[in-house]
Amino acid sequence: MSWLDLLNDLEQGKVRAATQDANGQWHANVEVKQGILEAFRHGVNTEYPGGFVDKDNLAPRGFASEQGVRMVPGGSSVRRGAYVASGTIIMPPAYINIGAYVDSGTMVDSHALVGSCAQIGKNVHLSAAVQVGGVLEPVGASPVVVEDGAFIGAGCVLVEGVVVKKNAVLAPGVRLSASIPVFDCVNERMLDKGEAIPENAIVIPGSRPASSEWAQAQGLSMSCALIVKYRDEQSDASLLLEEVLR
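Please read these numbers as outputs of a predicted model, since none were measured by experiment.

**Q** Tell me about helix α2 (residues 30–42), residues and numbers included.
**A** Look at α2: 19 Å from first C-alpha to last across 13 residues, which is about the 18 Å you get at 1.5 Å a residue. For α2, the set of buried residues is V32, K33, G35, I36, L37 and A39. Taken together, the buried residues of α2 touch α1 (3–11) and β2 (26–28).

Put into structure tokens, the structure is as follows:
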């Protein structure tokens, strides 16, 4: 497949930069990511209206009303090669990068970033200033995934291939990466490194004592995340979050 065909297929949702296996595990689609990199190599810098400069083959996407995407005026941009499903709302300014997949009914709020190859499910809420990191290289690295029905609070940062499972709720300011530990206070365990945030988990920012004796003597602490509750199918994400944070 040529890089041009690949970009068209990405925009139509025919191929994705990551796929989920029968066990629910996500894996990078290496061929897709290699094709995106090939598109970068074939492009040359060109000027776009407004004084912008980018590759000539990666122009920002436009939408027609019949596509069902509501992109409100005010500085948002969806890059070539990103899929945005019908029913998605994009509030300004927001950015969706190449290779990303945003499924139907999802809200991408102001100042939110959906990074390259990130996978966002159906009916997800990405609140203001959420940063979903991109993972284009290395090609074998899995991108950040937010599954159906998840609620990501304002200012959350998700990077380094983090996976947030269905209907999970992240309170404002939660930061998740490969190096930030997550403690499940309900089941009294620490999640394994690279383990996904479980379905229906309610996650808030936390801290833990620094490891060295000197740091502890100074009263220093390090960032972590805490699962403090699990929601059921009937529970309202915003009301639960308000209750937990009181």
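**Q** Hey, could you go over the pattern of salt bridges for me, with residue numbers and the actual values?
**A** Across all of its chains, the model carries 7 salt bridges by this definition. The partner of E11 in a salt bridge is R61, with the nearest N and O atoms 3.8 Å apart. Of this pair, E11 sits in helix α1 while R61 sits in the loop between β4 (52–55) and β5 (70–71); the two residues are 50 residues apart in sequence, bridging distant segments of the chain. Accessibility expressed as a relative area gives 13% for R61, which makes it buried. We note a salt bridge from D54 to R79, for which the minimum N-O separation is 2.9 Å. Taken as a pair, D54 in strand β4 and R79 in the loop between β6 (77–78) and β7 (83–84) lie far apart in primary sequence, 25 residues in all. The exposure class assigned to R79 is buried, which follows from its relative accessible area of 12%.

**Q** Describe the nonpolar core, and please don't skip the residues or the numbers.
**A** If you look at soluble globular proteins, the nonpolar side chains tend to sit buried side by side. Within the largest apolar cluster, 39 residues are counted, with the highest numbers of intra-cluster contacts made by I96, I152, V164 and L176. Per-element tally for this core: the top contributor is strand β24 (residues 201–209), with 3 residues. Other than its neighbours up to four places away in sequence, L176 contacts V157, L158, V159, V162, V164, L170, V182, I197 and A225. Listed in part, the 12 residues of the second largest apolar core include L6, L7, L10 and C117.

Definitions and cut-offs
- Residues numbered from 1 in each chain as written.
- Predicted model: local features only at pLDDT ≥ 70, side-chain atom pairs only at ≥ 80, totals over all residues.
- Heavy atoms only, no water.
- Helix = DSSP H or I, 4+ residues; strand = E, 2+ residues; numbered from the N terminus.
- Expected span 1.5 Å × (residues − 1).
- Buried < 20%, exposed > 50% of the residue type's maximum accessible area, 1.4 Å probe, protein only.
- Contact = heavy atoms within 4.5 Å.
- Salt bridge = Lys/Arg side-chain N within 4 Å of Asp/Glu carboxyl O.
- Core = buried A, V, L, I, M, F, W, Y, C linked by side-chain atoms within 4.5 Å.

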